[in-house]
Amino acid sequence: MKTLYRMLCCLLLAASAQAQVEEHFDDGELLQHPTWTGRLDAWTVNADGWLQSQSVTANDLFYLSTRSQRFDSTQWETSVQLLFNPSSANYVDWYLVAADSDLINNSNGYFVRMGGTDDEICLYRKINGVSIKLIDGTNGVLNSSNNLFSLKLIRANDQWWLFRKPEGGNWLPEGTVHDSGQSTPAYTGFLVKQSTASFFQRHWFDDVRVKPFE
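Here goes a summary of the coordinates provided.

1. Concerning the environment of V97
Mapped onto the secondary structure, V97 falls in strand β7 (residues 91-98). On the basis of relative accessible area, V97 is assigned to the buried category, the value being 0%. Between the C-alpha atom of V97 and that of Q52, which follows or precedes it by 45 residues, the distance is 21 Å. Once residues within four sequence positions are removed from consideration, V97 is found in contact with R70, F71, W76, N108, G109, Y110, S183, T184, P185 and Y187.

This is how it looks when you write it as structure tokens:
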């Protein structure tokens, strides 16, 4: 009986660990703890211990994703550095929840867009391939050639909160929304859209966390 109890405890702990994500890229690789999938040739862990884009292809769309099964009562965090002024052709979608590991063709989920025409940070829901803006962030917060900040998303009781923390600053609210939509939480990750050489290798990410919100 004690042996069975220990086995059940181990299984529960393993399931709990799998449902969460804690990635600081300190190990310098992308293939384990956790395992990332996607265009691996388009990414590297640089000397500073950040995930950095490596694509040198114009008009490219590339991604990196890892398993994540949390959705209810969840907190997502990451640190970001975008060494460019975003535009409608140059932005990042941070998928909090995606049903498919292929973030390019993923049809359902929730993501935060960093950039776009208004240089803003917004929360979207994607339903059958159609993106709907849920939180319209402050215009112009990314109107710079060097954007260094952290993001935090919280979902609890169908309520979403989006926070931004600029370098050396405090957490600032970007908005909140009530959304009772459901999703199939299977993956989290980053999708990058870039146009010309001015944007090559200028996307940096670190400290990715998906954990219970308490």
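2. So, the pairing of strand β12 (residues 159-166)
Here strand β11 (residues 147-156) runs beside β12; their pairing, made up of 8 bridges, is antiparallel. Paired with L153 across the strands is L162, a residue of β12. In sequence, β11 turns back onto β12 through a hairpin of 2 residues, with N157 there showing a positive phi of about 55°. Across 6 bridges, β12 lies against strand β13 (residues 172-178) in antiparallel orientation. In the strand pairing of β13, W161 is matched with T176.

3. Some points on unusual backbone geometry
Only a minority of non-glycine residues have a phi that is not negative, and only a minority of peptide bonds are not trans. Following H33, the chain continues into P34 via a peptide bond in cis, with omega recorded as -5°. Residue position: P34 is located in the loop between β1 (21-23) and β2 (36-38). In this model, S73 sits at a positive phi of 50°, which is unusual for a non-glycine residue. With respect to the helices and strands, S73 occurs in the loop between β5 (60-67) and β6 (74-82). Residues other than glycine seldom take positive phi values, yet Q201 does so here, at roughly 60°. Mapped onto the secondary structure, Q201 falls in the loop between β14 (187-194) and β15 (203-212). A relative accessible area of 31% places Q201 in the partly exposed class.

4. Points about the sheet that holds β5
Here 7 strands make up an open sheet; going across it, the order is β2-β5-β14-β7-β8-β9-β10 and the pairing antiparallel. Two strands in the sheet have a free side with no partner beyond their single neighbour: β2 and β10 (130-135). Pairs of neighbouring strands in the sheet enclose a mean axial angle of 25°, with direction left out of account. One ladder, built from 6 bridges, connects β7 with β14; its direction is antiparallel.

5. Section: the nonpolar core
Grouped together as the largest cluster of nonpolar side chains are 39 residues, with contacts concentrated most on W43, W94, L96, M114, L123, L153 and W160. By residue number, the principal contributor to this core is β7, which donates 4 residues. Excluding anything up to four places from it in sequence, W43 contacts L30, L51, Q52, S53, Q54, F62, Y63, L64, F190, V192 and F205. Counting residues in each nonpolar core, the second largest holds 10 residues, with Y63, A98, L103 and C122 among its members.

6. Section: the packing of aromatic side chains
Going through the model one piece at a time under the given rule, you end up with 13 aromatic pairs. Aromatic side chains Y95 and F111 sit 5.0 Å apart centroid to centroid with 40° between the ring planes, which places their arrangement in the tilted category. Pair noted here: Y95 is in strand β7 and F111 is in strand β8 (residues 109-115), with a separation of 16 residues, a long-range link. Given the relative accessible area of 1%, F111 is considered buried. Consider the rings of F190 and F205, whose centres lie 4.1 Å apart with planes at 20°: the pair is stacked. Of this pair, F190 sits in strand β14 while F205 sits in strand β15, and the two are 15 residues apart along the sequence.

The rules behind these values
- Residues numbered from 1 in each chain as written.
- Predicted model: local features only at pLDDT ≥ 70, side-chain atom pairs only at ≥ 80, totals over all residues.
- Heavy atoms only, no water.
- Helix = DSSP H or I, 4+ residues; strand = E, 2+ residues; numbered from the N terminus.
- Buried < 20%, exposed > 50% of the residue type's maximum accessible area, 1.4 Å probe, protein only.
- Contact = heavy atoms within 4.5 Å.
- Pairing = 2+ DSSP bridges.
- Axes fitted to C-alpha atoms, helices over the stretch in contact; angles between N-to-C directions.
- Core = buried A, V, L, I, M, F, W, Y, C linked by side-chain atoms within 4.5 Å.
- Phe/Tyr/Trp six-rings, centres within 6.5 Å; stacked < 30°, edge-to-face > 60°.

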